[in-house]
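These are the residues of each chain, in order.
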Amino acid sequence: GKGSEKSSKAASAGPRNVKVTSDRSTYLRKEGVLVFDGNVFVDDVEFKMHADEVTLFLGGTNELKRIVAIGNVAVTNELRSGTCAKATYNKALSRVVLYSDESKGVPARLNDNGKRKSQVEGRKITFWVDTEQVEVDGSVITVDVGNGDAKDSAKRFLGK
């Protein structure tokens, strides 16, 4: 069953307990940095994230400050799901940034999983986990217009 797995690979950070599992992990106590490598899964209250490599930056009392994920990154929460080459999460700002891999021509992608079913692609996509706001650099936006007018639905999608 799920609860019986006593894995030494899981680490929890801070009062809200970010759970991370991976093939390997390294704790650099002096720097307050946890590095996870191989099949990394981050289980946070605000989102779930998969990546090849994830670094957690902790504050003085071991609370989570920042996450950097690299390689085949996938992020999901109730509202959205995204894929990208690299992602960062800033906890204080509740902000996730998805980055493309321009060398491979792989864009960052963010899907709106709500009623609107839309997708944005770009070089860099920023969204805030606790709001509807999304910012896209170098964007291609696909919006399910439904019966409304495209401008309105794009405005709604971008939370403007």
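Fair warning: this is a prediction, and the values are worked out from it, not measured in the lab.

S.K.: What am I meant to see in the confidence of the model for the protein here?
M.R.: Confidence along the protein averages 83 in pLDDT terms, with 79% of residues attaining 70 or more. The model gives residues 1-15 a pLDDT under 50, and that stretch makes 21 contacts with residues more than four places away or in other chains.

S.K.: Could you clarify how one ought to interpret the side chain of T126 in this entry?
M.R.: Along the chain, T126 falls in strand β11 (residues 124-128). Excluding anything up to four places from it in sequence, T126 contacts R95, V96, V97, Q133, V134 and E135.

S.K.: What is the right way to read the packing of aromatic side chains from this model?
M.R.: The description of an aromatic ring pair uses the distance of the two centres, along with the angle that the planes make with each other. Evaluation of the coordinates by the stated rule reveals 1 aromatic pair. Ring centres 4.6 Å apart and planes at 75° place the aromatic pair F47 and Y89 in the edge-to-face group. One end of the pair, F47, is in the loop between β4 (33-43) and β5 (48-58); the other, Y89, is in strand β7 (residues 80-90), with 42 residues separating them in the sequence. For the residue pair F47 and Y89, the accessibility class agrees, reading buried in each case. Taking NZ or CZ as reference, R66 lies 4.6 Å from the ring centre of F57, over its face. Its end group placed over the ring of Y99, K86 keeps NZ or CZ at 5.2 Å from the ring centre.

S.K.: Is there a simple way to think about the nonpolar core in this case?
M.R.: Side chains of a nonpolar character, in soluble globular proteins, are inclined to be buried together. Core analysis: the biggest nonpolar cluster contains 30 residues, and V42, M49, V54, L56, I67 and L98 have the highest contact counts within it. Contact partners of V54, with chain neighbours within four places excluded, come to L34, V35, F36, V40, V42, I67, V68 and A69.

S.K.: Explanation requested: the pattern of salt bridges in the structure shown.
M.R.: Any two side chains of opposite charge can pair, on the condition that their charged atoms come close. Summed over the entire model, instances satisfying the criterion amount to 5 salt bridges. A salt bridge links D37 to R24, with the nearest nitrogen and oxygen atoms 3.1 Å apart. A residue pair is termed long-range when its members are at least 10 positions apart, and D37 in strand β4 and R24 in strand β3 (residues 24-28) qualify at 13 residues. With a closest N to O distance of 2.8 Å, D43 and K48 form a salt bridge. Of the residues examined, D43 reaches a relative accessible area of 23% and is grouped as partly exposed. What makes K48 partly exposed here is its relative accessible area of 35%.

Cut-offs applied
- Per-chain numbering applies: the sequence of each chain, read as written, is numbered from 1 onward.
- Per-residue local features of the predicted model are confined to residues with pLDDT of at least 70, and side-chain atom pairs are confined, for both listing and counting, to 80 or more; whole-chain, interface and lining totals are unaffected and use all residues.
- As a rule here, side-chain values come from all non-hydrogen atoms in the structure, and water together with hydrogens is ignored.
- Scored between 0 and 100, pLDDT is the confidence that the predictor attaches to each residue.
- Contact definition: two residues touch when any of their heavy atoms are within 4.5 Å.
- Helix and strand labels come from DSSP, where a helix needs a run of H or I of at least four residues and a strand needs a run of E of at least two; each type is numbered from the N terminus.
- Only Phe, Tyr and Trp rings take part, Trp by its six-membered ring, and two of them pair if their centres are within 6.5 Å. Stacked means planes under 30 degrees apart, edge-to-face means over 60, and tilted covers everything else.
- When accessible area is computed with a 1.4 Å probe and restricted to protein chains, residues below 20% of their type maximum are described as buried, those above 50% as exposed, and intermediate ones as partly exposed.
- Look at NZ for Lys and CZ for Arg. If either is within 6 Å of the ring centre and within 35 degrees of the ring normal, a charge sits over the ring.
- We define the nonpolar core as a collection of buried residues of types Ala, Val, Leu, Ile, Met, Phe, Trp, Tyr and Cys that are connected through side-chain atoms lying within 4.5 Å of one another.
- Salt bridge, as used here: a side-chain nitrogen of Lys or Arg that lies within 4 Å of a carboxyl oxygen of Asp or Glu.

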